[in-house]
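What follows is each chain in one-letter form.
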Amino acid sequence: MDPAAAVAAEEEGREKPPVIYTMENKPIVTCAGDQNLFTSLYPTLSQQLPREPMEWRRSYGRAPKMIHLESNFVQFKEELLPKEGNKALLTFPFLHIYWTECCDTEVYKTTVKDDITKWQNVLKAHNSVDWLIVVVESDAKKKNKTNILPRTSIVDKIRNDFCNKQSDRCVVLSDPLKDSSRSQESWNAFLTKLRTLLLMSFTKNLGKFEDDMRTLREKRTEPGWSFCEYFMVQEELAFVFEMLQQFEDALVQYDELDALFSQYVVNFGAGDGANWLTFFCQPVRSWNGLILRKPIDMEKRELIQNQEATLLDLRSYLFSRQCTLLIFLQRPWEVSQRALELLHNCVQELKLLEVSVPPGALDCWVFLSCLEVLQRIEGCCDRAQIDANVSHTVGLWSYATEKLKSLGYLCGLVSEKGPNSEDLNRTVDLLAGLGAERPETANASQSPYKKLKEALSSVEAFEKHYLDLSHATIEMYTNIGRIRSAKLVGKDLAEFYMRKKGPQKAEIYLQGALKTYLAEGWALLVTHTRKQLAECQKHLGQIENYLQTSSLLAGDNHLTEDERKSFCQEILDFANHQAENQGQKVILPMHSFAQLKTLHFDPPNAVVHVGGKLSIELTLLSQMPIPVQVDQIAIHVHFSIEKNSYRKTAEWLTKHKTSNGVISFPNEVAGFPFSRNNLPALELYEMYERSPSDNSLNTAGIICKNVHMLLRRQESSSSLDLPSGVTLEDGAHVLKCSNLILEPGVNKITFNTQAKEPGTYTLRQLCTSVGKVQFVLLHIYPIVQYDVYSQEPQLKVEPMTDSLLAGIPQKVKFTVTTGHYTMKNGDALQLSNADAMPILYHPESKAVIYSNTREKISESSLRIQSSEKITRISLPVAPAYHVIEFELEVMYLPSATESAVERENTTNKEVHRKNKEKQKQDNCMATVDQKVTIDCPWSIYSTIIALTFCIPFNAKHSLLSAGKRKYVQVCVQNLSELCFQLSENSLKNSADCTDLQLVPLNPESQQVIYSKQSIFFVWELKWTKELPLSLQCLFSVSFCPATSEEQSLTLKPFTYKFQVENFFTLYHVKTEIFPPLGSEYCKTGSLCSLEVSITRLVDLSEVDRDEALTESDGYCTTKLMYEVVDNSSNWAVCGKSSGVISMPVAARATHKVHMEVMPLFAGYLPFPDVRLFKYLPHHSAHSMQLDADSWIENDNLSVDKNVDDQAESSSIRSRGSLHSAASGEHKGLPMPRLQSFSSGQVFNCSTGMQILVIPSKDDHVLEVNIT
């Protein structure tokens, strides 16, 4: 029988049960009237009614559902009608039907009408308005009754008598037993009406029931409210949904009851307890587990209804109903999930409610419940489904294993001697609390009841069941990839084996768990597992492994101080015992005994010469809790000679080594060689849950947001395997310290060694010996090395400033690195003297001796002996691998033969370079390398050292003209960073010509020339006779540093030699501009007359004898080309701006050229430029392309720096206008060439002149050019 039907039968059993046509649990419909008629129609009605689905629309916006309606038709009795206050829906008749096939009016009046009236009066008395009258028409009766009225008359009478306002409550069913279309149509109409009325009744009565139930739930804060009463009411609603096959809605009702009860339990634990909860706080006397093999546990339901149920009874019944509905919904894996939550929650709820539970009772209940759930799931799923969904059920297997283990420990089934009398009595009590086995599992051989009873019956049976469960659970966890859980079960299994004196089997599981915990950094689990493993290894006699584990535990801060000392004492006892017996040495890893924190070298750069002393200070952090007597601490060193060891001088090694000499080693957690430090830090956050109504705090907790990073499992654990055998390297190089006591915490140990062989020494291993136990650090990382070098003596000469300046004393530092050579008395450096660089000796000069680490050792006077060719510097006595430093002053004397001719030639070759390149050359000091040969006492070969001197000054000259008068200007530039005082300047003609005078125009006083500045000197040339074509000049000026005091040393003056050629003025050019006729001034836009006068000043000279000269009958002429150019675009030259003239070569010969120009702007405008060239025939070999730098003449004494720029721009323009002459040659046509005059041969007296130009009257915009 269905559960709801069983409940209905139970409640009806108190009175005489009505006639029930079917035993299925369906909505009740009563049948009154002709029972024989209904009995004949029932088979057809029961088949046809559920065939068509109906849409059920519910209140409160819930989604409509399609349901198939079925009914349980029973004979009408007044006892079936609900009495006032009865809330039972299962026994509630949703519809009342009156059946009649009356066709006779007399019969209707006499019997049927009265019967229907009584039937309706009873319904009205019970406020039942859901009814239907069915009139069945039969053709057979019509034929038998010839005098009957038409059937409509009976139907109309019934409608008139009983259905005045509800005519649809009377329906006609025509020939229901015949197979005809008319009969089928009649059936369809009747069934549609029946389904509609049933749905209307469901909706109305369920809605009213839900409202009453909601009202009852809202009264839960009132005194006297009972959860059990409310439970029965809401379960009634769940039964109705189950009756309608709406299992999801039925499950929601039980879930709401579950949540409501859980909330009350939580509130009780927080101090807010309800009175009705005391019923559930009664002691637990039965622990027979969940009952899931029948749809409803009537015994427990009755306990709940009578308010006699314990907490376990309520939870068992509630879960059994949820399980049944989940199975109907084909969600068996949710059953296992909910079951695991239920079992854990029940344990906590019993604690919160402080329910008295006998020891082991809860373990029995959980064990039986786990197996009951698993067998229930196996009963509704095939093996393939179960294997594919192990992840859902493995939690129950694990929980059952855990509880069976607890029972075994409690009942003495795991102890070495077996259970005692007390254990047996406890076992009997636990089995008594199980009660008798349920009838539904009595015939099953593997029922949970039988398994538990058998497991508790004997030690062997318990071991068999526990091992089977454990191995099955481990296998399931492993198959689904939950390695941590598998290791945890294995750890429990190892503990079981240890109790059973099977350490060999236990070790396998403990090692596996330890490896996982180490990989993931679970410190407490590692400590606990190591303690178990140590005990296991001790029983197995694995001395080396036991000592290693003991050393790890001795340094583990998670243990108590006494526990750590006991494990440390185990190591010391073994070491002392073995030392007395001369047993074999045991080698263990260092990290558990002590940690290497820092290493400090002295000297700090870890570089020492052969024979030098080196100390190494180790900082060891002892993990042991007590002081430990250490026999010896040794560092094993690897020695190597590199191929490029010749590079490893003291200087090179010092540059490539750390300066402080301290090397730090990474922190390593003891027992975690693969360190948890690589894992991210915990990201913990507070979490609060508040009530939505009054914002009061409900729960508080901590949540870890990066748990996915912390709980990642290592894919490969091969790297976690500890080395199976720790070996020491054999080598001759070992640093040792003996008889030490390592205190807990930081210890400093110093090793001293003397370097012997040159090479690189790498610290490979660290070994600490305690008796016959050796703790070894296999690899010292990061790599630690010290270098021993054997260095050849070296001499290094370097300036004390950035650059050495020529002409003034400069300091030079001599550095002698002795290397392996020992300086003896009489050793000296011999320098070959050079005339250009004398060595200046000061009696107070000192030589300083430094150690290899730059510590000052001593200081002595420097003795220098100088002869004509050699300067001897005596070196002080110094041991090997020291440094001798001293300073000397040298002065480079630049050669006086540096000619300006070479500079001019160089300049002429580079005339086409850009101005920027010239400026760079001018701003850079010229350098001179001076080589010095030095003989050293340690070598038979001479050392050549080059010193680079920079000449601080740069000089250049220029020729200035004023008519026939000539001036020479010398510019001196200071290119250095120092300031100098200049004095005694002079300019002399090297030819020593008496007809030539150089008259100085310079002040006699001293002048200061600052850094990067220039000073100009000017002389006027005066002569009485004709001079040669060129003059050789020598400029000289004395100098000394401006900041230095008066020096006794006389410095050689700075000289500059140059040559001046073709400096006589040959032509005089004069330009004049005349306004238009009738005008006083020039006007813009008006043509003005330009007159150029070219006058020859001297007769024929050697300069004129070239290809342009023409002689005829003693009359000489030469061809000149003139060009008028306006650089500032102030003038427009109209007509021909250039031309070739034939100029007589005679003094005062004049040639005039006229042309027109137009001023473009108003104001004082400078005259246009007039340029003059030699016009050479095409066969001239000496002609060259026009270059303004060679012919522009500076005509005024006051030379402006922009003249060169103007000349450069003018030369560009002139070349542009004359390119046709040069380009013609490329076309194969012989073209004449132009040759510029030398500087000073042409004097333009109009340079710098201006003329006033006034604006024209018609201009609206006035443009004025001001220069």
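Residues numbered from 1 in each chain as written. Predicted model: local features only at pLDDT ≥ 70, side-chain atom pairs only at ≥ 80, totals over all residues. Heavy atoms only, no water.

- As annotated in an unreviewed UniProt entry, the chain is Trafficking protein particle complex subunit 10 from Aquila chrysaetos chrysaetos.
- Here the chain is described in UniProt, under the heading Subcellular location (unreviewed entry), as follows: "Golgi apparatus". (UniProt positions renumbered as here; feature names shortened; annotations may be inferred.)

Digging into the overall build of the chain
Line of reasoning, step 1. A count of helical and extended segments in the chain gives 29 helices and 54 strands.
Line of reasoning, step 2. When the 1267 residues of the chain are sorted by exposure, 45% land in the buried category.
Line of reasoning, step 3. Counting only contacts in the chain whose residues sit at least 6 apart along the sequence, the fraction spanning at least 24 positions is 74%.
Line of reasoning, step 4. Surface accessibility of the chain: about 64,800 Å² in total, with carbon and sulfur atoms responsible for 50%. (Helix = DSSP H or I, 4+ residues; strand = E, 2+ residues; numbered from the N terminus. Buried < 20%, exposed > 50% of the residue type's maximum accessible area, 1.4 Å probe, protein only. Contact = heavy atoms within 4.5 Å. Areas by Shrake-Rupley, 256 points an atom, 1.4 Å probe, with all protein chains shown as cover.)

Focus: the sheet that holds strand S1 (residues 28-33)
To summarise the sheet geometry, strands pair through backbone hydrogen bonds and adopt either a parallel or an antiparallel arrangement.
Line of reasoning, step 1. Within the open sheet, the five strands sit side by side as S4-S1-S5-S6-S7. Their pairing is parallel. Edge strands, defined here as strands with exactly one partner in the open sheet, are strand S4 (72-75) and strand S7 (170-174). Taken over all neighbouring pairs, the strand axes of this sheet differ in orientation by 30° on average, direction set aside.
Line of reasoning, step 2. Note: S1 against S4, four bridges, orientation parallel. (Pairing = 2+ DSSP bridges. Axes fitted to C-alpha atoms, helices over the stretch in contact; angles between N-to-C directions.)

A closer look at helix H21 (residues 543-554)
Line of reasoning, step 1. The end-to-end C-alpha distance of H21 is 16 Å, a good match for the 16 Å that 12 residues give at a rise of 1.5 Å each.
Line of reasoning, step 2. Of all the 12 residues making up H21, nine are buried; the element is thus mostly covered by neighbouring parts of the structure.
Line of reasoning, step 3. Residues of H21 that are buried: Tyr546, Leu547, Gln548, Thr549, Ser550, Ser551, Leu552, Leu553 and Ala554. (Expected span 1.5 Å × (residues − 1).)

Describing the packing of aromatic side chains
Line of reasoning, step 1. Following the criterion strictly, the structure yields 44 aromatic pairs and no others.
Line of reasoning, step 2. Relative to Trp276, the ring of Phe227 has its centre 5.0 Å away and its plane inclined at 15°; by these criteria the two rings are stacked. Placement of the pair is Phe227 in helix H7 (residues 227-243) and Trp276 in the loop between helix H8 (247-269) and helix H9 (298-305), with a sequence separation of 49 residues.
Line of reasoning, step 3. The interplanar angle of 15° and the centroid separation of 6.3 Å between the aromatic rings of Tyr497 and Tyr509 together place this pair among those described as stacked. Of this pair, Tyr497 sits in helix H18 (residues 483-499) while Tyr509 sits in helix H19 (residues 503-520); the two residues are 12 residues apart in sequence, bridging distant segments of the chain.
Line of reasoning, step 4. An aromatic cluster is built from Trp225, Phe227, Tyr230, Phe231, Phe261, Tyr264, Trp276, Phe280 and Tyr317, whose rings are joined through pairwise contacts.
Line of reasoning, step 5. Seen from the ring of Tyr850, Arg854 lies directly overhead, with NZ or CZ sitting 4.3 Å from the centre.
Line of reasoning, step 6. The ring of Tyr1067 is capped by Arg1096, whose NZ or CZ atom sits 5.1 Å from the centre of that ring. (Phe/Tyr/Trp six-rings, centres within 6.5 Å; stacked < 30°, edge-to-face > 60°. Lys NZ or Arg CZ within 6 Å of the ring centre and 35° of its normal.)

Side note on the sheet that holds strand S39 (residues 1030-1041)
Line of reasoning, step 1. Pairing in this open sheet of four strands is antiparallel, and the strands run S37-S35-S39-S40 from one edge to the other. Bordering the open sheet on either side are strand S37 (1007-1009) and strand S40 (1054-1061), each of which pairs with just one other strand. This sheet shows a mean twist of 40° between the axes of neighbouring strands, independent of strand direction.
Line of reasoning, step 2. Here strand S35 (residues 980-989) runs beside S37; their pairing, made up of three bridges, is antiparallel. In the strand pairing of S37, Leu982 is matched with Gln1007.

Side note on the pairing of S35
Line of reasoning, step 1. Taken together, the eight bridges between S35 and S39 define a ladder with antiparallel strand orientation. Bridge pairing links Leu987 to Phe1035 in S39.

Topic: the pattern of salt bridges
Working definition: two side chains of opposite charge can pair if their charged atoms are close together.
Line of reasoning, step 1. Tallied over the entire structure, the rule returns 35 salt bridges.
Line of reasoning, step 2. Glu422 is the salt-bridge partner of Arg426, the closest N and O atoms lying 3.2 Å from each other. With Arg426 and Glu422 both in helix H15 (residues 421-434) and four residues apart, this pair spans about one turn of that helix.
Line of reasoning, step 3. Among the ionic pairs, Arg426 bridges to Asp423, the shortest N-O distance being 3.2 Å. Placement of the pair is Arg426 and Asp423 together in helix H15, with a separation of three residues, close to one helical turn.
Line of reasoning, step 4. Residue class for Asp423 comes out buried when judged on its relative accessible area of 11%. (Salt bridge = Lys/Arg side-chain N within 4 Å of Asp/Glu carboxyl O.)

Focus on the confidence of the model for the chain
Line of reasoning, step 1. Chain-level pLDDT for the chain is 81 on average; 84% of the residues reach the 70-or-more range.
Line of reasoning, step 2. Note on residues 1-23: pLDDT under 50 across the span, and 47 contacts to partners over four residues away in sequence or across chains.
Line of reasoning, step 3. When the criterion is pLDDT under 50, residues 714-724 qualifies, and its contacts beyond four places in sequence or with other chains add up to 12 contacts. (pLDDT = per-residue confidence, 0-100.)

Thoughts on the environment of Ser398
Line of reasoning, step 1. Within the secondary structure layout, Ser398 lies in helix H14 (residues 390-410).
Line of reasoning, step 2. Ser398 gets classed as buried once you look at its relative accessible area, which sits at 16%.
Line of reasoning, step 3. Sequence separation between Ser398 and Val489 is 91 residues, and the spatial gap between their C-alpha atoms is 7.6 Å.
Line of reasoning, step 4. Those residues in contact with Ser398 that lie beyond four places of it in its chain are Thr473, Tyr477 and Val489.

As for the nonpolar core
Line of reasoning, step 1. Ranked by internal contacts, the top residues of the largest apolar core, which has 145 residues, are Phe73, Trp99 and Phe190.
Line of reasoning, step 2. When residues of this core are assigned to domains, at least three fall in each of domain 1 (28-141 + 150-219) and domain 2 (227-481).
Line of reasoning, step 3. Beyond its immediate sequence surroundings of up to four residues, Phe190 is in contact with Leu45, Trp99, Leu132, Val134, Val171 and Leu173. (Core = buried A, V, L, I, M, F, W, Y, C linked by side-chain atoms within 4.5 Å. Domains from an automatic or database assignment.)

Focus: the pairing of strand S31 (residues 926-935)
Line of reasoning, step 1. Taken together, the two bridges between strand S24 (residues 828-832) and S31 define a ladder with antiparallel strand orientation. Counted as the bridge partner of Leu831 is Ile934 from S31.
Line of reasoning, step 2. As defined by bridge partners, S31 adjoins strand S32 (residues 942-951) across 10 bridges and the pair is classed as antiparallel. Each bridged residue has a counterpart across the sheet, and for Ile934 the counterpart in S32 is Thr943.
Line of reasoning, step 3. What sits between the antiparallel neighbours S31 and S32 is a turn of six residues.

Digging into the packing of H18 against helix H20 (residues 523-540)
Each pair of packed helices can be summarised by the angle the axes make with each other and by the distance between the axes.
Line of reasoning, step 1. Look at H18 against H20: their axes get within 11 Å of each other, and the N-to-C directions meet at 35°. Between H18 and H20 lies a crossing of left-handed hand. In this structure, H18 contributes Lys491, Glu495 and Met498 to the contact, and H20 contributes His528, Thr529, Gln532, Glu535, Cys536 and His539.
Line of reasoning, step 2. In terms of residue class, the contact of H18 with H20 is made up of two nonpolar, four polar and three charged. (Left-handed = near helix turned anticlockwise from the far one by under 90°. Nonpolar A, V, L, I, M, F, W, Y, C, P; charged D, E, K, R; others polar.)

A closer look at the packing of H7 against helix H10 (residues 311-328)
Line of reasoning, step 1. For the pair H7 and H10, the least separation of the axes is 13 Å and the interaxial angle reads 10°. Taken together, the axes of H7 and H10 lie roughly parallel to each other. Relative to H10, the crossing made by H7 is left-handed. Here Phe227, Phe231, Glu235, Phe239 and Glu242 of H7 lie close against H10, whose contacting residues are Leu314, Tyr317, Leu318, Arg321, Leu325 and Phe328. (Parallel < 35°, antiparallel > 145°, perpendicular 65-115°, else oblique.)

Regarding H20
Line of reasoning, step 1. Counted at 1.5 Å a residue, the expected span for H20 with its 18 residues is 26 Å, and the 25 Å between its end C-alpha atoms agrees.
Line of reasoning, step 2. Here H20 has its buried residues at Val526, Thr527, Thr529, Arg530, Gln532, Leu533, Ala534, Cys536 and Gln537.
Line of reasoning, step 3. Gly541 sits one or two positions beyond H20 and adopts a positive phi of about 75°.

Brief notes about the side chain of Asp1126
Line of reasoning, step 1. Summarising the element assignment, Asp1126 is placed in the loop between strand S45 (1115-1125) and strand S46 (1131-1134).
Line of reasoning, step 2. Within the structure, the side chain of Asp1126 is placed 3.3 Å from the side chain of Ser1128, a separation counted as a polar contact. (Polar contact = N/O pair within 3.5 Å; in protein donor to acceptor, adjacent residues only side chain to side chain.)

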